[in-house]
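Here are the chains, one letter per residue:
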Amino acid sequence: ILVRRLLERVGAEVAVANNGNEAVALALAEPYDLILMDMQMPEMDGIEATGLLRQVGCDTPIVALTANVMEQHRTQFEQAGCSEFLSKPIDREALMSVLGRYLEPLESEGGAVEDDAVVSDFVDDELLQLFVERTAVQREALLAAYSKQDWAGVRTTAHTVKGSGTTFGFPELTRLGKEICDAIDHQNLEPVPDLVQEMYKKMQEIK
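For clarity, every value in this text was computed on a predicted model and none was experimentally measured. (Residues numbered from 1 in each chain as written. Predicted model: local features only at pLDDT ≥ 70, side-chain atom pairs only at ≥ 80, totals over all residues. Heavy atoms only, no water.)

### Considering the environment of Glu84
Part 1 of the argument: Tracing the chain through its elements places Glu84 in strand E3 (residues 84-87).
Part 2 of the argument: The sequence separation of Glu84 and Pro61 amounts to 23 residues, and the corresponding C-alpha distance is 8.6 Å.
Part 3 of the argument: Those residues in contact with Glu84 that lie beyond four places of it in its chain are Ile62, Val63, Ala64, Val98, Arg101 and Tyr102.
Part 4 of the argument: At 2.8 Å, the side chain of Glu84 and the side chain of Tyr102 are in polar contact. (Helix = DSSP H or I, 4+ residues; strand = E, 2+ residues; numbered from the N terminus. Contact = heavy atoms within 4.5 Å. Polar contact = N/O pair within 3.5 Å; in protein donor to acceptor, adjacent residues only side chain to side chain.)

### Observations concerning the packing of helix H8 (residues 171-185) against helix H9 (residues 192-204)
Part 1 of the argument: Running from N to C, H8 and H9 point in directions that differ by 155 degrees, and their axes come no closer than 10 Å. Relative to H9, H8 is oriented roughly antiparallel. Seen along the crossing, H8 lies across H9 with a hand that is left-handed. Within the contact between the two elements, H8 uses Glu172, Leu173, Arg175, Leu176, Gly177, Glu179, Ile180, Ala183 and Ile184 and H9 uses Val192, Leu195, Val196, Glu198, Met199, Lys202 and Met203.
Part 2 of the argument: In terms of residue class, the contact of H8 with H9 is made up of ten nonpolar, one polar and five charged. (Axes fitted to C-alpha atoms, helices over the stretch in contact; angles between N-to-C directions. Parallel < 35°, antiparallel > 145°, perpendicular 65-115°, else oblique. Left-handed = near helix turned anticlockwise from the far one by under 90°. Nonpolar A, V, L, I, M, F, W, Y, C, P; charged D, E, K, R; others polar.)

### Section: unusual backbone geometry
Part 1 of the argument: One non-glycine residue, Gln149, lies in positive phi territory at about 55 degrees.
Part 2 of the argument: With respect to the helices, strands and loops of the structure, Gln149 is situated in the loop between helix H6 (125-147) and helix H7 (151-164).
Part 3 of the argument: Taking the relative accessible area as the measure of exposure, Gln149 reaches 55% and is therefore exposed.
Part 4 of the argument: With a phi angle near 55 degrees, Gln187 is a residue other than glycine that sits in the positive phi range.
Part 5 of the argument: Of note, Gln187 is situated in the loop between H8 and H9. (Buried < 20%, exposed > 50% of the residue type's maximum accessible area, 1.4 Å probe, protein only.)

### Remarks on the packing of aromatic side chains
Part 1 of the argument: Under the defined criterion, the tally for this structure stands at four aromatic pairs.
Part 2 of the argument: When the ring of Phe77 is compared with that of Phe85, the centres are 6.2 Å apart and the planes differ by 50 degrees; the resulting orientation is tilted.
Part 3 of the argument: On the accessibility criterion, Phe85 (25% relative accessible area) is partly exposed.
Part 4 of the argument: Summarising the aromatic geometry, the rings of Phe131 and Phe168 are spaced 4.4 Å apart at their centres and angled 5 degrees between planes, so their arrangement reads as stacked. Of this pair, Phe131 sits in helix H6 while Phe168 sits in the loop between H7 and H8, and the two are 37 residues apart along the sequence. Side by side, Phe131 and Phe168 carry an identical accessibility label, which is buried.
Part 5 of the argument: Grouping aromatic residues by their ring pairs yields a cluster made of Phe131, Phe168 and Phe170. (Phe/Tyr/Trp six-rings, centres within 6.5 Å; stacked < 30°, edge-to-face > 60°.)

What follows is the structure, given as structure tokens:
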């Protein structure tokens, strides 16, 4: 929602896919100037969707949106056919730089976006309430996965929280999410319980 609002603010026409299958269907149904591909989507993830589009001859620039910026992930994106990637939380300046490389100059329809504007400037009461509600859901998902020692599930939730914490004013959640993901990725589970407990407490404070 944040990215869509920012794109529309600078004059881009935006179509949104709710999952990887929809992303492929949309990309094949009509031509697009640019595809921003979330790497973690339901039904079909971004790497699979990108690979499928490339296999059938889609040459639209595809930019990965991801919180995974480790070298092996970059290699996966490149092998799938991504043109480049943007890390989450989204940095407005980086996003505008990507748009400048792939799109014709845009005319803002919602008023000029100041040079020093950041993505968090586009958070309103509606989005903040959505963040609070989603945090409650993710908090229980984190607890459920941790209680079963489902480390893949813990990582999935931590990854989601990492991508939105800083944008909504909770940089500690982004830090904790990154540390949990890194620890699990490196199969170092020793610090994970304490990190999960700390993240859970921080998430309880968001109401």
